[in-house]
Amino acid sequence: MKRKIIKDGYGQITEKKSRFLGQIHAAGSPEEALERVTEVKKKYFDAKHHCYAYLCGDDADIKKYSDDGEPSGTAGMPLLNILESEGLTDCVVIVTRYFGGVLLGTGGLVRAYRAAGEEALKDAVLADITKGLEVFIKADYSDESRLRRIFENMNSEGSNIIIERTDYSETCDMTVSIERDAFPRLNETLTNTFAGKIVPEIKGEKMIIVNAG
């Protein structure tokens, strides 16, 4: 199971007169992660270093880090280690440094960048995610309330069904996301309740939130 950022986090530390400004953001792709980095560089244009690391993909297998002029291995890698140790994906952590005139040494830099990243992480809100399914359900208007009760009952028992969208036309069309293991139970419940009139259709795979906070 992986985790995502659902509320950005910010933090900072001061080490021997150098200020380290940390922030962590959700980023669903490398392009989005680098956009956040560009925004930070523009905001803090007078800072010398903007070091970062990101992880993307369902299995967090897309990754990159940058020391941005700091000695190799003193900034980007410690930040990447924070993300990996928390089991995160689809996020970017950025630490901006304002040099205070005192050299920290490689060990001091590693500790400072890690500390600033950890402060940002403490301020963020995380959510556990898992591989799920996107499911389409077509129903009569008269069946909508019973459908919603079924979802509520399954959620109360830990099945994690999320109504993503409801479209009202000639019928009541719902798109829901659900944990993969819970789909057989949903299918069986709908078949028994509606005598086969409502058949859930799997539209594809989707990462879904199963626990937030």
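It should be emphasised that the depicted structure is a prediction, and the values quoted were computed from it without experimental measurement. (Residues numbered from 1 in each chain as written. Predicted model: local features only at pLDDT ≥ 70, side-chain atom pairs only at ≥ 80, totals over all residues. Heavy atoms only, no water.)

Across its full length, the protein carries 5 helices and 10 strands. For 213 residues, the compact-globule estimate of 2.2 N^0.38 gives 17 Å, and the C-alpha radius of gyration of the protein, at 22 Å, exceeds that figure by more than 25%. Taking all 213 residues of the protein together, 46% fall into the buried category. When the accessible surface of the protein is summed, it comes to about 10,800 Å², and 47% of that surface belongs to carbon and sulfur atoms. Both charge centroids of the protein, one from 29 positive and one from 35 negative side chains, sit 6 Å from each other. (Helix = DSSP H or I, 4+ residues; strand = E, 2+ residues; numbered from the N terminus. Rg over C-alpha atoms; globule rule 2.2 N^0.38 Å. Buried < 20%, exposed > 50% of the residue type's maximum accessible area, 1.4 Å probe, protein only. Areas by Shrake-Rupley, 256 points an atom, 1.4 Å probe, with all protein chains shown as cover. Lys, Arg positive; Asp, Glu negative; His and termini not counted. Charge placed at Lys NZ, Arg CZ, Asp CG, Glu CD.)

Once that is clear, we can look at the pairing of strand S2 (residues 9-15). Pairing geometry for S2 and strand S3 (residues 18-26), over 7 bridges, is antiparallel. Residue pairing across strands places Thr14 opposite Arg19, the latter belonging to S3. The antiparallel hairpin formed by S2 and S3 contains 2 residues in its connecting segment, where Lys16 sits at a positive phi of about 50 degrees. (Pairing = 2+ DSSP bridges.)

Okay, the packing of helix H4 (residues 144-156) against helix H5 (residues 183-194) next. In the contact formed by H4 and H5, the axes pass within 11 Å of each other and the chain directions differ by 145 degrees. Viewed along their axes, H4 and H5 form a crossing whose handedness is right-handed. Counting all contacts with H4, which are made through Arg146, Leu147, Ile150, Phe151 and Met154, the residues of H5 involved are Arg185, Leu186, Thr189, Leu190, Thr193 and Phe194. (Axes fitted to C-alpha atoms, helices over the stretch in contact; angles between N-to-C directions. Left-handed = near helix turned anticlockwise from the far one by under 90°. Contact = heavy atoms within 4.5 Å.)

A few words on H5. With 12 residues, H5 ought to run about 16 Å at 1.5 Å a step, and its terminal C-alpha atoms sit 16 Å apart, in line with that. Taken together, the buried positions of H5 are Phe183, Leu186, Leu190 and Phe194. In a view along the axis of H5, the buried residues occupy a sector of 60 degrees, so they form one face of it. In H5, the exposed residues that point more than 90 degrees away from the buried face are Pro184 and Asn192. Looking at the residues trailing H5, positive phi occurs at Ala195, about 55 degrees. (Expected span 1.5 Å × (residues − 1). Arc of directions from axis to C-beta.)

Relative to the helices and strands, Arg97 is located in strand S6 (residues 91-98). Residue Arg97 is classed as buried on the basis of its relative accessible area of 5%. One polar contact links Arg97 to Glu70, side chain to side chain, over a distance of 2.9 Å. Among residues more than four places away in sequence, those in contact with Arg97 are Ser18, Arg19, Phe20, Ala47, Lys48, His49, Glu70, Val102, Leu104, Leu109 and Tyr113. (Polar contact = N/O pair within 3.5 Å; in protein donor to acceptor, adjacent residues only side chain to side chain.)

Here the focus is helix H1 (residues 30-43). Its 14 residues place the ends of H1 20 Å apart at the C-alpha level, agreeing with the 20 Å of an ideal helix rising 1.5 Å per residue. For H1, every residue scored as buried is listed here: Ala33, Arg36, Val37 and Val40. Looking down the long axis of H1, one finds its buried residues gathered within 100 degrees of arc, a one-sided arrangement. Facing away from the buried side of H1, by more than 90 degrees, are the exposed residues Glu31 and Lys42. Buried residues in H1 make contact with S3, strand S4 (49-56) and S6.

If you look at the biggest cluster of nonpolar residues, it comprises 26 residues, and the most contacted ones within it are Ile5, Phe20, Ile24, Leu83 and Leu88. Looking at this core, the elements that each hand over two or more residues are S3, S4, helix H2 (76-85), S6 and helix H3 (105-123). Per-element accounting of this core gives the leading share, 6 residues, to H3. Setting aside chain neighbours within four positions, we find Leu88 in contact with Arg3, Lys4, Ile5, Ile24, Leu55, Ala60, Leu83, Leu121 and Leu126. Listed in part, the 19 residues of the second largest apolar core include Phe151, Ile178, Phe183 and Leu186. (Core = buried A, V, L, I, M, F, W, Y, C linked by side-chain atoms within 4.5 Å.)

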